[in-house]
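Residue-level listing of the chains:
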Amino acid sequence: MQSFEHVVESPRAPLLSDLKKQRASAPEANMSCYFHHVRDEIRPLLPKTATNILEIGAASGQTLRWIRTIYPDAVTTGVEINDAVAEELSRNADVAILGSIDECLPRLKKYDLILLLDVLEHLVDAKTVLQNVRGLLEPGGHVVVSVPNVAHLSVAIPLLFKRQFEYQDAGILDRTHLRFFVENTAIGLMNAAGLKVSKGLISGMQGYKAKTLHRLSFGLLKHHLAKQYIMLGEAIDGEGPQKSLSWKIAE
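The following paragraphs examine the structure supplied in this document. (Residues numbered from 1 in each chain as written. Predicted model: local features only at pLDDT ≥ 70, side-chain atom pairs only at ≥ 80, totals over all residues. Heavy atoms only, no water.)

Observations concerning the overall build of the protein chain
Applied cut-off: Helix and strand definitions follow DSSP, with helices as H or I runs of at least four residues and strands as E runs of at least two, each counted in order from the N terminus. Only protein chains enter the area calculation, which uses a 1.4 Å probe; residues under 20% of their type maximum are buried, those over 50% are exposed, and those in between are partly exposed. By definition, residues are in contact when any of their heavy atoms lie within 4.5 Å. For the area figures, the Shrake-Rupley method with a 1.4 Å probe applies, and any residue is considered shielded solely by the protein chains shown.
Across its full length, the protein chain holds 10 helices and 9 strands. For the protein chain, the residues scored as buried account for 51% of the 251 residues in total. For the protein chain, the share of sequence-separated contacts (at least 6 apart) that also reach a separation of at least 24 residues comes to 73%. For the protein chain, the accessible surface area stands at approximately 12,900 Å², while carbon and sulfur atoms represent 54% of it.

Encoded structure:
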């Protein structure tokens, strides 16, 4: 029988408390999707083995629950700031920790697989957080990171032709996003934190319209059709910035 540890930490960091309040004020349908979505599109990036898995920003733990089907013997830990999903997270993860990332770092151990999916764009100092997370990696461990692509056509076209840039309740222009990324800055953030991107996926091209535009443009619009960059990172020491990466299309 699995054992569960439920750790509640307080007080929250002011910024991340505001973030949680902002999320809570968004439409209920969007929040339900956010907290219960399974990020199974990361499957092609996952390593062959993993025994100790951490997800930061785990929400209700649905992705951790799914990942146990791939690594059935792994121990999973979920960190989440929203205590409204604490009970559900504790059912889906072996260890559930509530609090901001900075608060929870002293309680965390070493992991061979760490997930930060749609997290870094919400943080003031994403580089420092990612550097701290790198320090939690076991030798040979991996980090999977996803960030939104602000060069997506849904942002670029209104900005270019209408001079409009309006925040929304969810998506690329989520009103809680503090940072915006394109391909180079996404890879650059990983490199600056001491991580080399060994594999990359472009997400958001599953629909008919995106596939058609991708095909008709002979792939030239690929980075304007990407909603997210999903990256597999490995710890490096002393290497310079990476050049371009060969991105695959997420299914």
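Next comes the rest of the account.
Focus: the pattern of salt bridges
The condition is simple: Note on definitions: salt bridges are taken to be side-chain nitrogens of Lys or Arg within 4 Å of carboxyl oxygens of Asp or Glu.
Within the structure shown, the criterion is met by 5 salt bridges. Aspartate 237 serves as the salt-bridge partner of arginine 134, at 3.0 Å between the closest nitrogen and oxygen. Of this pair, arginine 134 sits in helix H6 (residues 126-134) while aspartate 237 sits in the loop between strand S8 (228-235) and strand S9 (247-249), and the two are 103 residues apart along the sequence. Overall, the relative accessible area of 68% leaves aspartate 237 in the exposed class. Residues joined by salt bridges that share partners form a network here, namely Arg39, Glu41 and Asp118.

Quick word on the nonpolar core
The following threshold applies: To qualify as a nonpolar core, a set must consist of buried Ala, Val, Leu, Ile, Met, Phe, Trp, Tyr and Cys residues joined through side-chain atoms within 4.5 Å.
The biggest cluster of nonpolar side chains holds 41 residues, and the ones touching the most others in it are Ile114, Leu116, Leu120, Leu130, Val145 and Met231. Non-local contacts of leucine 120, meaning those with residues more than four positions away in its chain, are made with Ala126, Val129, Leu130, Val145, Val147, Arg179 and Leu189. Core analysis: the next-biggest nonpolar cluster, separate from the first, contains 22 residues, Leu46, Ala58, Trp66 and Ile67 among them.

Observations concerning the environment of proline 47
Tracing the backbone through its elements, the reader meets proline 47 in the loop between helix H2 (28-36) and strand S2 (52-56). For proline 47 and glycine 141, which are 94 residues apart along the polypeptide, the C-alpha to C-alpha distance reads 8.9 Å. Ignoring sequence-local partners within four residues, the contact set of proline 47 consists of Tyr71, Leu113 and His142.

Remarks on a nonpolar patch on the surface
This is how the line gets drawn: For patches, a residue must show more than 30% relative accessible area and have no salt bridge; joins then use 9 Å for like charges and 5 Å for nonpolar side chains, namely Val, Leu, Ile, Met, Phe, Trp and Tyr.
A cluster of nonpolar residues, Ile157, Leu160 and Phe161, forms a patch on the protein surface that exposes about 360 Å² of accessible area. Residue position: isoleucine 157 is located in helix H7 (residues 153-162). We classify isoleucine 157 as partly exposed; its relative accessible area is 41%.

Quick notes on unusual backbone geometry
In the Ramachandran plot, alanine 59 falls in the positive-phi region, its phi being about 55 degrees despite a non-glycine side chain. Mapped onto the elements, alanine 59 comes out in the loop between S2 and helix H3 (62-67). Positive phi values are uncommon outside glycine, yet aspartate 118 reaches one of about 60 degrees. Since its relative accessible area comes to 19%, aspartate 118 is described here as buried.

Description of the environment of leucine 189
You can see leucine 189 is positioned in helix H8 (residues 183-192). We classify leucine 189 as buried; its relative accessible area is 13%. Considered as a pair, leucine 189 and leucine 130 are 59 residues apart in the sequence and their alpha carbons are 8.4 Å apart. The residues touching leucine 189, leaving out its near neighbours within four places in the chain, are Leu120, Ala126, Lys127, Leu130 and Phe181.

So, the packing of aromatic side chains
To keep it simple, the criterion reads: What counts as a ring pair is set by centres within 6.5 Å for rings of Phe, Tyr and Trp (its six-membered ring), and what kind of pair is set by the plane angle: stacked under 30 degrees, edge-to-face over 60, tilted for all other angles.
Summed over the entire model, instances satisfying the criterion amount to 4 aromatic pairs. Arranged with centres 5.7 Å apart and planes meeting at 85 degrees, the rings of phenylalanine 165 and tyrosine 167 form a pair that is edge-to-face. Overall, the relative accessible area of 34% leaves phenylalanine 165 in the partly exposed class. Summarising the aromatic geometry, the rings of phenylalanine 165 and phenylalanine 180 are spaced 5.8 Å apart at their centres and angled 70 degrees between planes, so their arrangement reads as edge-to-face. Residue phenylalanine 165 is located in the loop between H7 and H8, and its partner phenylalanine 180 is located in the loop between H7 and H8; the two are separated by 15 residues in the primary sequence. Look at phenylalanine 180 and you get partly exposed, because its relative accessible area is 29%. Through successive ring pairs, a cluster of aromatic residues spans Phe165, Tyr167 and Phe180.

As for H8
Of the residues making up H8, those classed as buried are Glu183, Ala186, Ile187, Leu189, Met190 and Asn191. Among the structural elements, H6, strand S6 (137-148), strand S7 (195-203), helix H10 (222-225), S8 and S9 are those in contact with the buried residues of H8. The positive-phi residue at the C-terminal boundary of H8 is glycine 194, with phi of around 85 degrees.

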